[in-house]
Amino acid sequence: MAATPIAVVTGASSGIGAATARTLAAEGFRVVLTARRKDRIEALAAELNKAGHQATAYALDVTDRAAVDEFATAFRSLAVLVNNAGGALGADPVATGDPADWRQMYETNVIGTLNVTQALLPALTASGDGTIVILSSTAALSSYEGGGGYVAAKHGEHVLAETLRLEIVGTPVRVIEVAPGMVRTEEFATTRFRGDTEKAAKVYAGVDAPLTAEDVADTIGWAVTRPSHVNIDLLVVRPRAQASNTKVHRTL
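What comes next is a walk through the structure. (Residues numbered from 1 in each chain as written. Predicted model: local features only at pLDDT ≥ 70, side-chain atom pairs only at ≥ 80, totals over all residues. Heavy atoms only, no water.)

1. Remarks on the pairing of strand β2 (residues 30-35)
And step 1. Among the six residues of β2, five are classified as buried, and the element is accordingly described as predominantly covered.
And step 2. Once you follow strand β1 (residues 6-9) into helix α1 (residues 15-26) and on to β2, the crossover reads as right-handed.
And step 3. Sheet analysis places β2 next to strand β3 (residues 54-59), joined by six bridges and oriented parallel. Note that in β3 the partner of V31 across the bridge is A55.
And step 4. Handedness of the β2-helix α2 (residues 38-50)-β3 crossover: right-handed. (Buried < 20%, exposed > 50% of the residue type's maximum accessible area, 1.4 Å probe, protein only. Helix = DSSP H or I, 4+ residues; strand = E, 2+ residues; numbered from the N terminus. Right-handed = clockwise from strand over helix to strand, strands pointing away. Pairing = 2+ DSSP bridges.)

Given below as structure tokens:
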């Protein structure tokens, strides 16, 4: 009897990460949930196990390379890695942006993805049929005012995915990039504006049906479950009301 394939999801404590864990569990994967907030991922693992799925929680900061390397020792073989951990801080122009915010975004979005991917690539290769998903953003593909630091980090993540795909072609590992546009989750905009819920709400004001975390998780689940020879290099997903990063239809 074949072993249940394992999927690791980073940043699984909320939003797209948590929704992706639920989606992959429903697809038959044993999901390993990682995030810094141990209580959140333990609660999600308990929910999934109660529902008849297989889930394990592991507290992890993806920017801590020693901790990531220790985590990776648990895996001889791995089917899927979803690099979801990341996020945005601030919306200041380049002229006045805080370098500490830029550094933190780069560390989390780019170096965090690099750390986990490097550490788990041997196990993904050993599976004979591995898949790496890098969750970037439409910010990885075009700029917008007030987004300099986040755009720079996501461009870095996009290039990481693109370069890795070139470098490991011929191995049994796919590299998939999913780039969402406007997604309304419980924390993304609130974190970006440091808890200012009024500012966060304005991001989505008047927008008919922004994407949900479940919408993005659905696209990730679809991409991961394509036949092994099919690679979804880049999947851009936006709500119908959004034509670009700077063109959004609002009814106010």
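Resuming the write-up.
2. Points about the environment of M182
And step 1. Inspection of the secondary structure puts M182 in the loop between β6 (173-180) and α6 (188-192).
And step 2. Residue classification places M182 among the buried residues on the basis of a relative accessible area of 9%.
And step 3. Apart from the residues within four sequence positions on either side, M182 is in contact with V203, Y204, V207, P210, L211, P239, Q242, V248 and R250. (Contact = heavy atoms within 4.5 Å.)

3. A few points about the pattern of salt bridges
Once the charged atoms of two side chains with opposite charge are near each other, the side chains can pair.
And step 1. A complete count under the given rule lists six salt bridges for this structure.
And step 2. As a salt-bridge pair, E42 and K38 come within 3.9 Å of each other at their nearest N and O atoms. Here K38 and E42 lie together in helix α2, a separation of four residues that amounts to about one turn.
And step 3. The class for E42 is partly exposed, based on a relative accessible area of 41%.
And step 4. Residue class for K38 comes out partly exposed when judged on its relative accessible area of 47%. (Salt bridge = Lys/Arg side-chain N within 4 Å of Asp/Glu carboxyl O.)

4. Some words on the nonpolar core
And step 1. Counting residues in hydrophobic clusters, the biggest one holds 36 residues, and the most contacted among them are L24, F29, V31, L33, V178, V216 and I220.
And step 2. Once residues lying within four places of it in the same chain are set aside, the contact partners of F29 are T4, P5, I6, A7, L24, Q54, A79, V80, V224 and T225.
And step 3. Judged by nonpolar contacts, the second largest core, of 33 residues, contains F75, A119, A161 and I168. (Core = buried A, V, L, I, M, F, W, Y, C linked by side-chain atoms within 4.5 Å.)

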